[in-house]
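Observations on chain architecture
The chain contents come next:
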Amino acid sequence: GNSVTQMEGPVTLSEEAFLTINCTYTATGYPSLFWYVQYPGEGLQLLLKATKADDKGSNKGFEATYRKETTSFHLEKGSVQVSDSAVYFCALSGAGGGADGLTFGKGTHLIIQP
Amino acid sequence: NAGVMQNPRHLVRRRGQEARLRCSPMKGHSHVYWYRQLPEEGLKFMVYLQKENIIDESGMPKERFSAEFPKEGPSILRIQQVVRGDSAAYFCASSLNHQETQYFGPGTRLLVL
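Quick summary incoming for the structure in this document. In this text, all values refer to a predicted model and were calculated from it rather than measured experimentally.

1. Some details on the pattern of salt bridges
All names here are of chain B. Applying the stated criterion to the full structure yields six salt bridges over all chains. A salt bridge links R64 to D86, with the shortest nitrogen-to-oxygen separation between them at 2.7 Å. Taken as a pair, R64 in the loop between strand 6 (53-56) and strand 7 (65-68) and D86 in the loop between strand 8 (75-79) and strand 9 (88-95) lie far apart in primary sequence, 22 residues in all. Given the relative accessible area of 3%, D86 is considered buried. Shared partners join several salt bridges into a network, and the residues in it are E18, R20 and R78.

Shown next, in the form of structure tokens:
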């Protein structure tokens, strides 16, 4: 079946540090890949996406590249801010295997300290 | 341009009662998905509906849970005879077409006492 594995949290960084949150996936087909962000007490917001191999999704300074050879979609940001503190979810869809919904990782809690 | 709306935002029920969660998709979206998020866990897919049809319910528990998306009105997730293990955040998402980007609502946080 399909699955998403992302690095365990919490990840604690200082403001302006470089961020990487690892995400790898297992899929039976050719999925689309997503990063969602969840702020405390809120729903998920789409951060960025990529629909095919070698595509790079980017938004608000965050980037992730769809790497088919390593089945990865790592999230990066060059200089984080306190306002980036949230839980980040990697997800995939459209990979076949029967289920029509998104398959999510467990989430990575990011804490940015001033 | 209103996003996905869910109500109530918080719901408290006693064991054995029924819980009804509502979801209004984004304007123009006819595809609705329900997910459950248990504490410290990621979201788990429950059911995918189009207007008046359940397309995929592979993630729904076999008993006590049901979902509908009528021709008029919001999608409803119904949990009968709730138990403490049903306490979770329930999120609804909608998309314009199947397997296109899903947009999420703010969720309903269900607490079963």
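Resuming the write-up.
2. Brief notes about the interface of chain A and chain B
Taken residue by residue, the interface counts 19 residues in chain A and 21 residues in chain B. Considering only the side of chain A, the residues that lose the most area to chain B are A:L44, A:D100 and A:F104, jointly responsible for 33% of the buried surface there. Scanning the region where chain A abuts chain B turns up zero salt bridges. Between chain A and chain B we count five residue pairs in polar contact (both at pLDDT 80 or more) in total. For the side of chain A that touches chain B, the secondary-structure elements that each account for two or more residues are strand 5 (32-38) and strand 6 (44-50) of chain A. Residues that form the side of chain A that touches chain B fall into these classes: eight nonpolar, seven polar and four charged.

3. Focus: the nonpolar core
Counting 25 residues, the largest nonpolar core has A:W35, A:L48, A:F73, A:L75 and A:Y88 as the members making the most contacts within it. Among the secondary structure elements, those contributing two or more residues to this core are strand 2 (11-14), strand 3 (19-21), strand 4 (23-26), strand 5, strand 6, strand 8 (62-65), strand 10 (86-93) and strand 12 (108-113) of chain A. The dominant element in this core, judged by the number of residues it contributes, is strand 10 of chain A, at four residues. Leaving out residues up to four positions away in the same chain, A:L48 has contacts with A:L33, A:F34, A:W35, A:G57, A:S58, A:N59, A:F62, A:E63, A:A64, A:F73 and A:L75. One finds B:L21, B:M26, B:F69 and B:V112 within the second-largest nonpolar core, a separate group that totals 23 residues.

4. A look at the pairing of strand 6 of chain B
Direction of pairing for strand 5 (residues 43-50) of chain B relative to strand 6 of chain B: antiparallel, over a ladder of three bridges. The residue of strand 6 of chain B that forms the bridge with B:Y48 is B:D56.

5. Focus: the packing of aromatic side chains
Tallied over the entire structure, the rule returns 11 aromatic pairs over all chains. Ring centres 5.2 Å apart and planes at 80 degrees place the aromatic pair A:Y36 and B:F104 in the edge-to-face group. Placement of the pair is A:Y36 in strand 5 and B:F104 in strand 10 (residues 103-104), with the two residues belonging to separate chains. Owing to a relative accessible area of 0%, A:Y36 belongs among the buried residues under this scheme. With relative accessibility at 10%, the residue B:F104 sits in the buried group. Centre to centre, the rings of B:Y35 and B:F104 are 5.4 Å apart; their planes meet at 45 degrees, and the pair counts as tilted. With B:Y35 in strand 4 (residues 31-37) and B:F104 in strand 10, this pair connects stretches of sequence that are 69 residues apart. For the pair formed by B:Y35 and B:F104, the shared burial category is buried. Put simply, the rings of A:F34, A:Y36, A:F89, A:F104, B:Y35, B:F45 and B:F104 pair up and form one aromatic cluster.

The rules behind the values
- Residues numbered from 1 in each chain as written.
- Chains lettered and ligands numbered in written order.
- Predicted model: local features only at pLDDT ≥ 70, side-chain atom pairs only at ≥ 80, totals over all residues.
- Heavy atoms only, no water.
- Salt bridge = Lys/Arg side-chain N within 4 Å of Asp/Glu carboxyl O.
- Helix = DSSP H or I, 4+ residues; strand = E, 2+ residues; numbered from the N terminus.
- Buried < 20%, exposed > 50% of the residue type's maximum accessible area, 1.4 Å probe, protein only.
- Contact = heavy atoms within 4.5 Å.
- Buried area = accessible area lost by both parts, 1.4 Å probe.
- Polar contact = N/O pair within 3.5 Å; in protein donor to acceptor, adjacent residues only side chain to side chain.
- Nonpolar A, V, L, I, M, F, W, Y, C, P; charged D, E, K, R; others polar.
- Core = buried A, V, L, I, M, F, W, Y, C linked by side-chain atoms within 4.5 Å.
- Pairing = 2+ DSSP bridges.
- Phe/Tyr/Trp six-rings, centres within 6.5 Å; stacked < 30°, edge-to-face > 60°.

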